[in-house]
Amino acid sequence: MTGVLHRLQDFLYNGEKELILYSNNPLASCQPQQVESTTYRTVPNQQKNVSLHSEKQPCRMNKIFTVNNKPTIIAGPCSIESEQQLRTVAESLSRDNRIAMIRCGVWKPRTRPGGFEGLGEPALKWIASVKKDFSSLRFCCEVANPEHVELCLTYGIDAVWIGARTSVNPFLVGELAQALKGTSLAVMVKNPITPDVALWIGAIERLQQTGINDLAAVHRGFSTYNNFKYRNNPLWEIPIELKRCMPNLPLLCDPSHIGGRRDLVAPLSQMALDLHFDGLLIECHPDPDNALTDSAQQITPTELTDLLDNLKVRQYNAIGPSDLQRMREQLDVIDSELLRLLSQRMQLSKDIGRIKHAHNMPLFQPRRWQQVLEHQIETGKQLGLDEQFIKELSEKIHGESLRMQE
Ligand code: PEP
Ligand code: MN
């Protein structure tokens, strides 16, 4: 699997190669293609005003989302809680020139009623006042409706993000696109809470279609029935797929909302950079333990500095050291072998399905599945493979087998 990811990385980041995209339908074009050689072709997208695919030059976003070699770092509190809190964090972050922008929630979407829902307009007034004192700082906050956009414009906010509970809804995204049309605001689109890359792409397209170009995507993980150790399941293959479909769109990672825990922010940030994300959106609060929202996942400005000091920004050269080349070739062979075995397995599954149908047996056999899963996990462990990884892989394979047997 790691091999597959690395392979995808090659597809995404090797400047010498272009993506193979045979269709102008963004979803159809996202199907993995059979690759015969290392020369890939792009079919231009014909939909007006929508540029999803690889152009020769990365599109120049505005100053905030420049595509350069340095990751774009956005940091700040989950929510603005008081003018003093905002000033303290702004003052600390203004001293670190790696911070491109300060994030700060003004309207907070809460799962249950009764929690702190943000301070709204008064908080925007404080931002405007802090901006007067720290003219180099830029600010962004979440918007969920046209009225929020209006207020952000009134108080000189630089960028906004569309949250995970909003990007899931095409009607709301459409309304926001209309409100944002022709404004100076840069826009980040967080992934929808559901693991659906098409919905995420759709939200971005709705903004692009109204002519909004200062865009970035933010990966913040997904609500799934099995989040394992994370607050939101990262499902890295989804942002990787988004990047494959929209290679010129800056892609940021929000390790704070993925991890939900302070100690996970640094490793998730590193993972994102290793997967060649373009930047990070990190929650940072002067006093995380007493934060009114997302207390467990916020880090202090000092911890943020430490995290940034220790991040390794990898180089993605078209041609790496020869050992790397050789090992990648080996990975490619192993990946092909994995696919061949999978195909063989699915064929066998189909044959089993025919027998089940012939004997009027249910396709899904819970006891047998339980045994298979336990055996797989045990064997995987002996081979040094991560238990959760084996569980998810087995579930995927089993699900596909059942589909084939229908
Ligand atoms: C946030 O960034 O504070 C937030 C609420 O994000 P999300 O929409 O990712 O949950
Ligand atoms: Mn938050």
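Before reading on, note that the structure itself is shown above.
The following paragraphs examine the structure supplied in this document. (Residues numbered from 1 in each chain as written. Chains lettered and ligands numbered in written order. Predicted model: local features only at pLDDT ≥ 70, side-chain atom pairs only at ≥ 80, totals over all residues. Heavy atoms only, no water.)

### Some points on the coordination of the manganese ion (ligand 2)
Logical step 1: The protein atoms that coordinate the manganese ion (ligand 2) are C78 (SG), H257 (NE2), E283 (OE) and D294 (OD), at distances spanning 2.0 to 2.4 Å.
Logical step 2: Here the donor residues of the manganese ion (ligand 2) share one chain and are spaced in sequence as C-x178-H-x25-E-x10-D. Here H257, found in helix 8 (residues 255-259), pairs with E283, found in strand 8 (residues 279-283); they are 26 residues apart in sequence, far enough to count as distant.
Logical step 3: For H257, a relative accessible area of 8% puts it in the buried group.
Logical step 4: Since its relative accessible area comes to 0%, E283 is described here as buried. (Donors = N, O, S within 2.8 Å, 3.2 Å for Na, K, Ca; no water. Helix = DSSP H or I, 4+ residues; strand = E, 2+ residues; numbered from the N terminus. Buried < 20%, exposed > 50% of the residue type's maximum accessible area, 1.4 Å probe, protein only.)

### Quick word on the sheet that holds strand 4 (residues 159-162)
Logical step 1: With parallel pairing, the 8 strands of this closed barrel are ordered in space as 1-2-3-4-5-6-7-8. Each strand of the sheet is rotated relative to its neighbour by a mean of 30 degrees, with strand direction disregarded.
Logical step 2: Direction of pairing for strand 1 (residues 72-76) relative to strand 2 (residues 99-103): parallel, over a ladder of 3 bridges. Paired with A75 across the strands is I102, a residue of strand 2. (Pairing = 2+ DSSP bridges. Axes fitted to C-alpha atoms, helices over the stretch in contact; angles between N-to-C directions.)

### Side note on the site of ligand 1
Logical step 1: Near ligand 1, the surroundings consist of C78, R103, K108, E142, W161, G163, A164, R165, K190, R220, H257 and E283.
Logical step 2: In the model, an oxygen atom of ligand 1 is placed 2.8 Å from a nitrogen or oxygen of the K108 side chain.
Logical step 3: Expressed as a share of its isolated accessible area of 290 Å², the protein-covered part of ligand 1 is 97%.
Logical step 4: For the shell around ligand 1, a count of residues per class yields 3 nonpolar, 2 polar and 7 charged. (Near = heavy atom within 4 Å. Polar contact = N/O pair within 3.5 Å; in protein donor to acceptor, adjacent residues only side chain to side chain. Areas by Shrake-Rupley, 256 points an atom, 1.4 Å probe, with all protein chains shown as cover. Nonpolar A, V, L, I, M, F, W, Y, C, P; charged D, E, K, R; others polar.)

### A word on the pairing of strand 2
Logical step 1: The buried fraction of strand 2 amounts to 4 of the 5 residues, a majority that puts the element mostly inside the structure.
Logical step 2: Running through helix 2 (residues 83-94), the crossover from strand 1 to the neighbouring parallel element strand 2 is right-handed.
Logical step 3: Sheet analysis places strand 2 next to strand 3 (residues 139-143), joined by 2 bridges and oriented parallel. By the bridge assignment for strand 3, I102 is matched with F139. (Right-handed = clockwise from strand over helix to strand, strands pointing away.)

### Quick word on the pattern of salt bridges
Logical step 1: Following the criterion strictly, the structure yields 18 salt bridges and no others.
Logical step 2: Its salt-bridge partner being R95, residue E91 comes within 3.3 Å of it at the nearest N-O pair.
Logical step 3: Note that D158 is salt-bridged to K131, the shortest N-O span being 2.5 Å. Within this pair, whereas D158 is found in the loop between helix 4 (146-154) and strand 4, its partner K131 is found in helix 3 (residues 121-133), the two being separated by 27 residues in sequence.
Logical step 4: Within the structure, one salt-bridge network assembled from shared partners comprises E83, R87 and D133. (Salt bridge = Lys/Arg side-chain N within 4 Å of Asp/Glu carboxyl O.)

### Some words on helix 10 (residues 301-310)
Logical step 1: The complete set of buried residues in helix 10 reads P301, L304, L307 and L308. Down the axis of helix 10, the buried set is contained in an arc of 115 degrees. They therefore lie on one face. Away from the buried face of helix 10 by more than 90 degrees, exposed residues T302 and N310 are located.
Logical step 2: Buried residues in helix 10 make contact with strand 1, helix 2, strand 2, helix 9 (262-274) and strand 8. (Arc of directions from axis to C-beta. Contact = heavy atoms within 4.5 Å.)

### Here's the deal with the environment of A179
Logical step 1: Along the chain, the position of A179 falls in helix 5 (residues 170-180).
Logical step 2: Remark: the alpha-carbon pair of A179 and N145, spanning 34 residues in sequence, is separated by 8.3 Å.
Logical step 3: With residues near it in sequence (within four places) discarded, A179 still touches P146 and V149.

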